[in-house]
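Residue-level structure breakdown
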Amino acid sequence: MTDGLPEMTSLERTALYKSLGNPLRRRILEYLGRHGEANSTVLARELGESSGTTSYHLRKLAEQRLIEEIPEKSAGRERWWRALPFSHTTPDPAAMSPEEYAAAARLAHLKIEFDTALYRRAHEEYRGPEGWAQVQRHGTWMTREDLLAFMEDYRALLDRYGHRREEAPQEARPVLLRLYAVPEPVGEWNGEPTGP
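1. Comments concerning the overall build of the chain
- Check the secondary structure of the chain and you find 6 helices and 5 strands.
- The N-to-C order of helical and strand elements in the chain reads α-α-β-α-α-β-β-α-α-β-β.
- On the principal axes, the C-alpha backbone points of the chain span a range of 70 × 45 × 30 Å.
- Across the 196 residues that make up the chain, the buried fraction comes to 22%.
- Pairs at least 24 apart in sequence give 54% of the contacts found in the chain among residues at least 6 apart.
- Entry remark: accessible area of the chain is about 14,700 Å², with carbon and sulfur atoms responsible for 54%.
- Positive and negative side-chain charges of the chain, numbering 27 and 31 respectively, have mean locations separated by a distance of 7 Å.

2. Here's the deal with the packing of helix H2 (residues 23-35) against helix H4 (residues 51-63)
- At a minimum axis separation of 10 Å, H2 and H4 run at an interaxial angle of 80°. By the angle between their axes, H2 is roughly perpendicular relative to H4. Along the contact surface, H2 presents Leu24, Arg25, Ile28 and Leu29, while H4 presents Thr53, Thr54, Tyr56, His57, Leu58, Lys60 and Leu61.
- The residue inventory of the contact of H2 with H4, partitioned by class, reads 6 nonpolar, 3 polar and 2 charged.

3. As for the pattern of salt bridges
- Across all of its chains, the model carries 11 salt bridges by this definition.
- Between Arg178 and Asp115 there is a salt bridge whose closest N-O contact spans 2.7 Å. Linking Arg178 in the loop between helix H6 (144-161) and strand E4 (188-189) with Asp115 in helix H5 (residues 98-125), this pair joins segments that are 63 residues apart in sequence.
- Taken together, the shared-partner salt bridges in this structure form one network comprising Glu68, Glu72 and Arg82.

4. Overview of the environment of Thr90
- Mapping Thr90 onto the fold places it in the loop between strand E3 (80-83) and H5.
- Separated by 14 residues in sequence, Thr90 and Ala104 place their C-alpha atoms 8.1 Å apart.
- Excluding anything up to four places from it in sequence, Thr90 contacts Tyr17 and Met96.

About the criteria used
- Residues numbered from 1 in each chain as written.
- Predicted model: local features only at pLDDT ≥ 70, side-chain atom pairs only at ≥ 80, totals over all residues.
- Heavy atoms only, no water.
- Helix = DSSP H or I, 4+ residues; strand = E, 2+ residues; numbered from the N terminus.
- Buried < 20%, exposed > 50% of the residue type's maximum accessible area, 1.4 Å probe, protein only.
- Contact = heavy atoms within 4.5 Å.
- Areas by Shrake-Rupley, 256 points an atom, 1.4 Å probe, with all protein chains shown as cover.
- Lys, Arg positive; Asp, Glu negative; His and termini not counted.
- Charge placed at Lys NZ, Arg CZ, Asp CG, Glu CD.
- Axes fitted to C-alpha atoms, helices over the stretch in contact; angles between N-to-C directions.
- Parallel < 35°, antiparallel > 145°, perpendicular 65-115°, else oblique.
- Nonpolar A, V, L, I, M, F, W, Y, C, P; charged D, E, K, R; others polar.
- Salt bridge = Lys/Arg side-chain N within 4 Å of Asp/Glu carboxyl O.

Written out as structure tokens, the structure is:
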């Protein structure tokens, strides 16, 4: 589900996963996330592409409601763009069409590579419990209902402590957070079943 937007169809999700898996579109979104706004000429210069190419990809990202034009800055053929707030939860893979599942799997593999590098960076840049880089690893026992409630509270914490780029305090920095929750494999632990 996306924040404040209607539920997406399988075809829309497939197109979304393909877009997010496109290396140039990912770089455009990363640039807009860091710098707030850009036009096709700025992106072409910064990303080493032609302005025609960046303009095409900007339009495609806008069609998927990942970015929007900044009307007060745009004039004539010069169109300025900014990223839109976006949140998406991938549906149950069993409910996906084969094409949607394949696109989601390709995107997941790209994310795993990025997240693995991010995990290494967090360890390399860790400077103690008061530093910018933080690493936490925990284990506990939960019911599925506990886990779902925990995830809901986690999202609420992000809303409570996070800021949109344009509203962030001057000393704020972009921070990348990742949370994975995976139960131990089904089997036995100390002679008792650990799963259904």
